[in-house]
Amino acid sequence: SLCTIERNTSGIGTVLHLKNTATTVDDGAKILFTAGASNDGAGIASGGQALHSADLRFYTGGSSASEERVRITSNGKVGIGESSSVDAPLHVNAGAENNAIFVESTDANSFITFGDNNTSGVGHVFVGAIGYELILGSGNSIRTTIDSSGNFGIGTDPSVKLQVKGILGLETTDSTNKWLVYAYT
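Computed from a prediction, not measured in an experiment: that's the story for all the values here.

A. How the structure looks around the overall build of the chain. Looking only at helices and strands, the chain features zero helices and 16 strands. Here the chain holds 185 residues, and 16% of them are scored as buried. Partitioning the intrachain contacts of the chain with sequence separation of at least 6 by distance along the chain shows that 4% fall at a separation of at least 24. Accessible surface for the chain amounts to roughly 13600 Å². Of this, 55% is attributable to carbon and sulfur atoms.

B. Molecular detail of the side chain of glutamate 68. Inspection of the secondary structure puts glutamate 68 in strand E6 (residues 67-72). Among the polar contacts listed, one links the side chain of glutamate 68 to the side chain of arginine 71, at a separation of 2.7 Å. The contact partners of glutamate 68, leaving out residues within four places of it in the chain, are Arg57, Phe58, Tyr59 and Ser83.

C. The arrangement of the sheet that holds strand E5 (residues 55-60) in detail. Pairing in this open sheet of six strands is mixed, and the strands run E3-E4-E5-E6-E7-E8 from one edge to the other. Two strands close off the open sheet at either side, each with one partner strand: strand E3 (30-34) and strand E8 (90-92). Averaged over neighbouring strand pairs, the angle between their axes works out to 15 degrees when direction is ignored. Here E6 pairs with strand E7 (residues 78-80) via three bridges, running antiparallel. In the sheet register, isoleucine 72 faces E7, and the bridge partner there is valine 78.

D. The arrangement of the environment of isoleucine 72 in detail. Of note, isoleucine 72 is situated in strand E6. Since its relative accessible area comes to 31%, isoleucine 72 is described here as partly exposed.

E. Up close: the environment of tyrosine 132. Counting through the fold element by element, tyrosine 132 comes out in the loop between strand E10 (125-130) and strand E11 (133-138). Sequence-wise, tyrosine 132 and serine 149 are 17 residues apart; in three dimensions their C-alpha atoms are separated by 9.4 Å.

F. Layout of a nonpolar patch on the surface. Taken together, the side chains of Ile101, Val103, Ile112, Phe114 and Val125 present a nonpolar region at the surface, about 430 Å² in accessible area. Among the structural elements, isoleucine 101 can be located in the loop between E8 and strand E9 (109-114).

G. Structural detail: the pairing of E5. Where strand E4 (residues 41-47) meets E5, six bridges bridge the pair, whose relative direction is antiparallel. When the bridges of E5 are listed, serine 46 appears paired with leucine 56. Relative to E6, E5 runs antiparallel, the two sharing five bridges. Paired with phenylalanine 58 across the two strands is valine 70, which belongs to E6.

H. A look at the packing of aromatic side chains. Taken as a whole and judged by the stated rule, the model has one aromatic pair. Aromatic pair phenylalanine 111 and phenylalanine 126: ring centres 5.1 Å apart, planes at 80 degrees, arrangement edge-to-face. Here the residue phenylalanine 111 occupies a position in strand E9, and phenylalanine 126 occupies one in strand E10, the gap between them amounting to 15 residues. Of the residues examined, phenylalanine 111 reaches a relative accessible area of 33% and is grouped as partly exposed.

Rules used in this analysis
Residues numbered from 1 in each chain as written. Predicted model: local features only at pLDDT ≥ 70, side-chain atom pairs only at ≥ 80, totals over all residues. Heavy atoms only, no water. Helix = DSSP H or I, 4+ residues; strand = E, 2+ residues; numbered from the N terminus. Buried < 20%, exposed > 50% of the residue type's maximum accessible area, 1.4 Å probe, protein only. Contact = heavy atoms within 4.5 Å. Areas by Shrake-Rupley, 256 points an atom, 1.4 Å probe, with all protein chains shown as cover. Polar contact = N/O pair within 3.5 Å; in protein donor to acceptor, adjacent residues only side chain to side chain. Pairing = 2+ DSSP bridges. Axes fitted to C-alpha atoms, helices over the stretch in contact; angles between N-to-C directions. Patch = residues over 30% accessible without salt bridge, like charges linked within 9 Å, V, L, I, M, F, W, Y side chains within 5 Å. Salt bridge = Lys/Arg side-chain N within 4 Å of Asp/Glu carboxyl O. Phe/Tyr/Trp six-rings, centres within 6.5 Å; stacked < 30°, edge-to-face > 60°.

Printed below as a string of structure tokens:
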């Protein structure tokens, strides 16, 4: 048999160990989930032989036409639809699908939040949707809104094509009159 199942009886460490004894590179242990007499199903496999350098791969589509769908690399990066070059902590390759990521909430708001080592908490910089409006925010506040009619608002909910609440400054290339400022109070 090319695969052995070992049970740890010492009480510490690995509880179940699947080991593929083949010596070909990229021949890690594999689990196939099937129904009935079919070999078609889904699977999980380790790619590689060394413990700390093996990828974990998830397959669907059956044994004869199985497709790798998700890969977790040995350095913790996750590739969805991308198996050859996972270039970021989360790498999504949707192929010919135009909607690579769909973010949905069960209420009226749905946001993706960004942060770095200088921000704390959730919502400091975000992009999202409130109903059919595209929202851009920073400092935990909505800053820009594009509504379903294409109206663009800065600091306000727009009712015309461009609506700005606050002082608007426009820089020109004229060296003597660098700024055109209009403020309505």
